[in-house]
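Structural features, examined
Below, each chain spelled out in residue letters.
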Amino acid sequence: MRILSWILLAVATAATAPRAGAQTVTPPPRPLLQLLEDASRRNRLPDSLISYKANVETEIAIVLRREEGVEAVGAMEQVASRLRWNRAGGYEQRVNGYRAQQLGGNVSMLSLFQTGWINPVLYGNRLRVRQLTDSTRNNSRARGRNGDASDTLPAVHPLATDRDMYYTYSGGDTIVTMRAGDRVIPIAHVRVQPRADVQGNVILFDGEMDLDASRGTLVRLRGHFFSTSVSRSRLARTFANAVAFVEYEQGERYGSYWLPAKQRLEAQVNTPLLGDGRAVIRIVSRFSDMEVNDTVLDAATLAKADSLRARARRPLTFASTDSLARFGAWRNQLGTITEGLHSDDFQDIAPDVWRPTGAPRFDLAAPRPADVMHFNRVEGLYTGVGGKLSLRDMAPGVVVRGNVGYAWAEQTVRGRVSAERTRGPFTLELRGGRSMDITNDFRAPLDSGNTFAALSSLDSYDYVSRNFATLSAVQRIGRRHFILRGDVGYGDDRWRPSQYLRGPFGGNAFRANHGVTEGSYLRSAAVVEWNPDLNAEALRPGIGGRFSYERGDGTLSWQRT
């Protein structure tokens, strides 16, 4: 639970910095300006919308995104709840059912939620944003004693009447269509960016809107919120990058109201110095059986509804434990709501450090945590550092990486350097270096080797010192359905003895490092992966597979399938 709390805390702090750089504010083109004016006028909460209730089915997934982009789901929870809302601020989300699958011991993510996670409406000049940290909840309680009991914070809506004070807009000419019942709706994509000259402490949105180009109504909101009160230096972002993305999709109800149909919240946290991987918390909710205007409010309540709504809380209640376990009215199989989703879905609106476009940038970043520090019985303590140069707009798709370190017991310098060029689904990569590789066969798909367990004499791996240079070509087919990979290169393998009899913190004696046949070779390999995000250790539903053929020709010769 502490680890998950750290993730949420990192999102709440590291994601609060606005994008740096001055902007030249120019008015949007006249057609876009007219579309925004129409959408802002229609974004007022309709007088006739009093309330609604709906069933909500939510999946919460804990995901590890590895440096190569493959995702592994470590925990999957499914929550069934009943949501009630009214325009005077009434909000009740009651959890009626719960089930989960987890790899090993874990703590339920649901236990971290003190309030409801659903944003009930996107109407109005201000959106209400959940608070994520204990400190903000404490601040909320303090405000409650002074008359403001809200457990959410106000964010400036990109369609607010005062929007031009906070945002700039572009796009609006990209038209796609969607179908709602018998009506075909033309959709315009509008990019929303915060102004660089905003003063004071406000919460702003950075992302994109989908608007009904014929009626000017908001169909989808996709991006992330941040506070202007906290700015972080480039050095601070070297240690942690964290963003809480949102994707709110609306559906047309009774031909008059646009209300929630699907909502996605996704917290992504990355520590560049410790690798390109990310920790991801993915929360996706689907709405069904919605009934509109099921409640009657008296005239006095309606008269002060706006002020009541601004101070309202979002309580989360639970049925009894027995009732949660007995719930059987599930609409979706566990894992299907988040099926097909990936952390890269937000790449186009992600922080600059994660985006493939923009000015060239260099970051201190290692491909894997083990490239920064690890311990094993052959190398002893290894410490290193890595760097990443992304040329981006200067040479689209070209990335140069390097890492170097020192094995203190072995007294050997090791490291790697690589250059890759990506064009659409095709990647060409040249890499080389000197590494301590693992020779164990039949390793688990996400097994990246020993990091610190050997400190306590737990080291079941065998090692070979390898000098190598490899040219690789990778072709992706479909939405990560197939990955085809071909390698050709040179290698030279040498045996290294164990430097330790047992770990520094005690334990049983290490076994000797198994011997290897030394020599050099020309290595060639072909790999076909089907649904690479699926494997025996992950909880994502579906079927995947992997076929590989490898051979070596030279002093060492072999074939492996």
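Residues numbered from 1 in each chain as written. Predicted model: local features only at pLDDT ≥ 70, side-chain atom pairs only at ≥ 80, totals over all residues. Heavy atoms only, no water.

Structural notes on the packing of aromatic side chains
Counting across every chain of the model gives nine aromatic pairs. Pairing Phe245 with Phe346 gives two aromatic rings, centres 4.6 Å apart and planes at 5 degrees, and the pair type is stacked. In this pair, Phe245 sits in strand β10 (residues 241–253) while Phe346 sits in the loop between α7 (321–326) and β14 (361–364), placing the two residues 101 residues apart along the sequence. In this structure, Arg278 packs its charged tip against the face of Trp354, placed 4.1 Å from the ring centre. (Phe/Tyr/Trp six-rings, centres within 6.5 Å; stacked < 30°, edge-to-face > 60°. Helix = DSSP H or I, 4+ residues; strand = E, 2+ residues; numbered from the N terminus. Lys NZ or Arg CZ within 6 Å of the ring centre and 35° of its normal.)

Observations regarding helix α2 (residues 30–42)
Taking 1.5 Å as the rise per residue, α2 with 13 residues should run 18 Å; its terminal C-alpha atoms sit 18 Å apart, in good agreement. Turning to α2, its buried residues number three or more, namely Leu32, Leu35, Leu36, Ala39 and Ser40. Looking straight down α2, one finds its buried side chains confined to an arc of 130 degrees; they lie on one side. Every exposed residue of α2 that faces more than 90 degrees away from the buried side is listed here: Arg30, Pro31 and Arg41. (Expected span 1.5 Å × (residues − 1). Buried < 20%, exposed > 50% of the residue type's maximum accessible area, 1.4 Å probe, protein only. Arc of directions from axis to C-beta.)

What about the pattern of salt bridges?
On inspection of all chains with the given rule, the structure shows 44 salt bridges. One salt bridge in this structure joins Arg195 and Asp197, with 2.7 Å as the shortest N-O distance. Between Asp348 and Arg222 there is a salt bridge, with its nearest N and O atoms 2.7 Å apart. Highlighted residues: Asp348 in the loop between α7 and β14 and Arg222 in strand β9 (residues 218–227), separated in sequence by 126 residues. (Salt bridge = Lys/Arg side-chain N within 4 Å of Asp/Glu carboxyl O.)

Observations regarding the pairing of strand β17 (residues 398–407)
Here strand β16 (residues 380–390) runs beside β17; their pairing, made up of nine bridges, is antiparallel. Its bridge partner lying in β17, Leu389 is registered against Val400. Where β17 meets strand β18 (residues 412–423), 10 bridges bridge the pair, whose relative direction is antiparallel. Note that in β18 the partner of Val398 across the bridge is Arg421. Counting the residues between successive antiparallel strands, the hairpin from β17 to β18 contains four residues, one of them, Gln411, with a positive phi of roughly 55 degrees. (Pairing = 2+ DSSP bridges.)

Some points on a nonpolar patch on the surface
On the surface, Phe362, Leu364, Val385, Leu389, Val400, Val404, Val413 and Val417 cluster together to form a nonpolar patch covering roughly 630 Å² of accessible area. Sorting the residues of the nonpolar patch by element identifies β14, β16, β17 and β18 as the ones contributing at least two each. On the basis of relative accessibility, which here comes to 43%, the residue Val385 falls in the partly exposed class. (Patch = residues over 30% accessible without salt bridge, like charges linked within 9 Å, V, L, I, M, F, W, Y side chains within 5 Å. Areas by Shrake-Rupley, 256 points an atom, 1.4 Å probe, with all protein chains shown as cover.)

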